[in-house]
Every structure is written in C-alpha cells, then in structure tokens.
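Structural overview
Listed here are the chains, written in short residue letters.
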Amino acid sequence: MIAMIDLLLIFRILVFPGFTFILFLALFCEWIDRKLEARIQNRVGPIVAGPGGILQPLADFIKLLTKEDIEPRDTKKLVFRFAPLAAFTIMIFAMCFLPIDGASVLSSGTSIAESGFNGDLIIILAFATIANFLLFLAGWASANPYGTISSARVLTQFLGYDIPLYIIALTPAFIAGSLSIGVIAAGVPYILLAPWAFVLFIITMQAELEKGPFDVPHSESELVGGLETEYTGAKLAFLHLTRDVQVVFGSALVVTLFLGGPSGPVFFGLDWLFHTIWFVLKLIVVVAISAYITNVFARLRIDQVLTGNWKILLPAALLSLMLTITLVTWVYHPFGIGV
Amino acid sequence: MADAKTWARVKSPWVLHFNSGACNGCDIEIVALLTPKYDIERFGIKLEPSPRHADVLLATGCVTHQCAERLKRVYDQMPQPKFVVAIGACACSGSVFEGNYNVVGGVDKVIPVTAYIPGCPPRPEAIIDGVLKLLSTISTPPKKEKQVQAHRAEPALAEVKQNGKQ
Ligand code: SF4
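Rules behind the numbers
Residues numbered from 1 in each chain as written. Chains lettered and ligands numbered in written order. Predicted model: local features only at pLDDT ≥ 70, side-chain atom pairs only at ≥ 80, totals over all residues. Buried ≥ 20, exposed ≤ 12 C-beta atoms within 10 Å, placed from the backbone. Helix = DSSP H or I, 4+ residues; strand = E, 2+ residues; numbered from the N terminus. Pairing = 2+ DSSP bridges. Arc of directions from axis to C-beta. Contact = placed C-beta atoms within 7 Å. Nonpolar A, V, L, I, M, F, W, Y, C, P; charged D, E, K, R; others polar. Core = buried A, V, L, I, M, F, W, Y, C linked by C-beta atoms within 7 Å. Near = placed C-beta within 6 Å.

What to know about the pairing of strand S5 (residues 83-87) of chain B
Residues and elements named next belong to chain B. Most of S5 is tucked away, with five of its five residues classed as buried. Here strand S3 (residues 56-60) runs beside S5; their pairing, made up of five bridges, is parallel. Opposite Ala 59, over in S5, you have Ala 86 as the bridge partner. Taken together, the three bridges between S5 and strand S7 (residues 115-117) define a ladder with parallel strand orientation.

What follows is the structure in structure tokens.
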C-alpha cells in the first residue's frame, strides 16, 4: 500500500501534473505567445514545425540542447553553470504548489481547498523572487557589459515590483480569509469581488515577468541579448525555458488567485481531467491577455518603469488593499459573500 | 535521437546578420524578410542579436580590411554547428569592389561559406530559397568542400592581420 502511494507521488512529481506536464505547458504557452504576437503584427508566425508550428518551441529547445556550450574565459564559472539550472528548478518547484489538476503536486488532499497548507501563497511568491535573483546572478556572472546592465535592470525592476505584487496578492487572501492557495482557488472567482485588484495584478505581473511594456531588461535594441548575451547551448536553453515557466507561473498565479483556479463543472467523475482542462483554458486566456498587452504598448524608459512602480503602482496597491479590507469587513463577510 | 537532433536543427535556425561593408541594399532585403509580407518566422527562423545564440551567419557585403578580423571574431563566437550564408554579389565574390585598395574580397576569403546567394541585391524570395536549400543539406552536410574552403581562408586572414599591423 505504501509502495503504491509512493509510486503515485513519483508519477505526480515527474509526469502529471509535475515536471513533464509543466514543461510541455510552458512550451505550449510560448507557442501561443509567439503565434498571437505574429497575428497582432499581421504575420503568420511559426507554421512549419508540427501542425500550425506547435512544435516550434520544442524544436528550439532541442536544438539549443545539442549545440556547442561555450564558456568565455572571464565568466564566474560556478555561477555561470549553476544559475540557469537553479532558476529553472526553483520555478518548476514553485509551479508544483499550484492546484493544476485540482490538487497541488505534492499534496494528498482530495478537494481543491485541502490541496495546500496555510501560507504556501507566500512561499511561492518567495520562490519567484529567488528565481529572479538567480537570473540576475546568471547575467552578472557572464562577464559581459550588456549582461551586466541587463542584470542591474532586472534587480532594480523586480525588487521594486515585488512589493506591490505581494500586497495585491493579499487581496484574494483577505477575501478568502486564508493564505492557502487551495482555499483561495476553491472560492468564487475573486475577479467578481475585486476586479480592480485583478487589473492591478495583471499590470504588476507584466512588470514582474519583464514582459512589455516593462521589458527594459531585455530591450534588444539597446542590450543585444540582455542577460542571455553570453549564454550558448544547454544553458541558453534552460534560460529560455525558465522564462517560459515564469510566464506560465505568473499566469497560473493570476488564474489561481482571481479566476478560481481549476474549479469549474466536472462530469463523469473525472475530476482531475476536467480540473486540468479548466485550469489550462483559464491559463490560455490570461496568457493571451498578457501577449496582447505586450504587443500593443511601446516599451517604457527605465525611469518611467521606476516612477510607475513607486509613485503609481505602490499607492494603488495600498489603496486597493484598504478598499478590499473595508469591503470584506463591512459588506462581503456580513452578507456571507466569498467565504 | 539523431533524427530528433537533425529535425530540431532544420526547424529552428536562428540567424545573425553581419554587415562587413555592404552598401545597405542587401541589409534592407534581409530586414524585409521579417516583415508581414515574407515573414520568415514561418520556418522558425529568428533574427538573433547575439552571435552566441546564432546558427546561421547572414553575411552581406564585401569584406574590408577593417572588418575582416571582426567578421572572423563574430564567426568564432558562434557555437558549433554553424553555417554561413553569403548574401549578395559583394559577399559572394567582392563584386565590383574586388581589387579595391581597402577590400579583401568576398566573405569566403575570411570564413568558410556554406551557401552563396547572388544578386545585387538578391530578392527576399531568393534569400528564403537559399536558406531553405541550406537547411535541406544539413542532414547530409558537404563536409569536404567546407574544409577545403576553411583551409583556403587561413592564408588570406594571415595576410589581413599583417596588413593591419603595418
Ligand atoms: S550586392 Fe549590391 S546591394 Fe548588396 S551590398 Fe553589394 S552592391 Fe550593395
């Protein structure tokens, strides 16, 4: 019996909904992202690799894995080798806390609400921060002026935007009355109760993921390849993959906190299947919104990014939190909404 | 496994564009490849900013003495396996600038070239055709020819270096 449970756990970690599933979900989301970008620019986008070009990200990944791995002389070898892989591992680990198929990967709970523990919301936000910091280290260790500038920008940006991100992420937690992701995901979609926080969260997430219009750390016109400039082969593959998983993680966080996570109607007793379908569908919607924002707005300057952070988003996040607490205390909870 | 490797390489060639002395005509045609009309991303081809990420070097223009060493260095920075496409009459042979006091000659005087796309400038369709023909040869690369060219390139570069020092 114990062996059975262990096998199930190993399967959950390695195959579904763990490592392999998240890997392919990340590649799939990159395809959606690239396809939408192409359509918005009136192009076709990748079309040759697989039906509709759906295997394009996979082809890129395999190709990078098989390329020569160059380590320039002046790099800090240990960090240069270790940082991309560590960032990728931490992002995958953070994904494992999200209730993708109705329960988080590591949990043994049976319902969505029981799939986590109190406080795992803070933990995955911290993981996201650590992964960003490892990306900063990766650029810093590459001994390239462009990589260094890009790293400095990454640091400036994510340290600043982490504060409003944490504050806004608390909004659904206050309504649900719990810091457990499972409990938050099991409630009503909180976009209905706090739409302003949803908008703010999407904007902050966009900045946290360094996507447009906040993509100053990656601006190709100034920084060549950004912090990836010196990376080749497998290391570059994992840096790309880390970015993909980060995008999926950010979107999945939006889905879990504001769109009710994997909840939705389930049929035929196939709970895990329908939960996964609902989760992925909602994820695609958020990825599409994010891709739209990225392509429609022009890139901000670095000073505008900082002003936007400290003078606009931070006060807005605090106001949003105050509004939420007021509403929760005087309106939602007395009338039994959202508990 | 080898099949997957070849498949991935053919489906995802990332290109780097280097101008070693072109009149900008060829460069504009390369940029045209990225526009909605020709949209080269259909084939998974991406224009990469860093030589470290690139698989294919799109070289335009005849090579000037100034640029020869830079061209060689950019080529050396690319990870294996790598390919060079010479785009335009100048890159193929030096064209009308052949024999000029400041010109080494075509790109193949400095680095081994895998494919030549003549034209002044070549049409974007011709460039797409050339790149795709290059990709179709990846599964059976014409190795001997490449080595011969690489061998031929060395003395020219040594000469360039000497000239640079003088
Ligand atoms: S081939 Fe023609 S268009 Fe191209 S660089 Fe030479 S002169 Fe210019």
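So much for the structure itself; the text now carries on.
Observations concerning helix H3 (residues 65-77) of chain B
All names here are of chain B. Along H3, the residues that are buried comprise Cys 67, Ala 68, Leu 71 and Tyr 75. End-on view of H3: buried residues confined to an arc of 115°, all on one side of the axis. Opposite the buried face of H3, at more than 90 degrees from it, the exposed residues are Arg 73 and Asp 76.

Details of the interface of chain A and chain B
Taken together, the contacts link 28 residues of chain A with 19 residues of chain B. Elements represented by at least two residues in the side of chain A that touches chain B include exactly helix H3 (56-65) and helix H10 (233-258) of chain A. It is H3 of chain A that contributes the most residues to the side of chain A that touches chain B, five residues altogether. Of the residues belonging to the side of chain A that touches chain B, the class tally is twelve nonpolar, nine polar and seven charged.

Observations regarding the nonpolar core
Residues Ala 87, Met 91, Met 95, Ala 138, Val 245, Phe 249 and Val 254 of chain A are the most contacted members of the largest nonpolar core, which totals 97 residues. The residues touching Val 254 of chain A, leaving out its near neighbours within four places in the chain, are Phe 201, Ile 202, Met 205, Leu 259 and Val 286 of chain A.

Some points on the site of the ligand
Residues and elements named next belong to chain B. As a matter of local geometry, the ligand sits amid Ala 22, Cys 23, Gly 25, Cys 26, Thr 60, Gly 61, Gly 88, Ala 89, Cys 90, Ser 95, Cys 120 and Pro 121. For the shell around the ligand, the elements supplying multiple residues, two or more each, are helix H2 (25-32) and helix H4 (89-93). For the shell around the ligand, the residue count by class is seven nonpolar, five polar and no charged.

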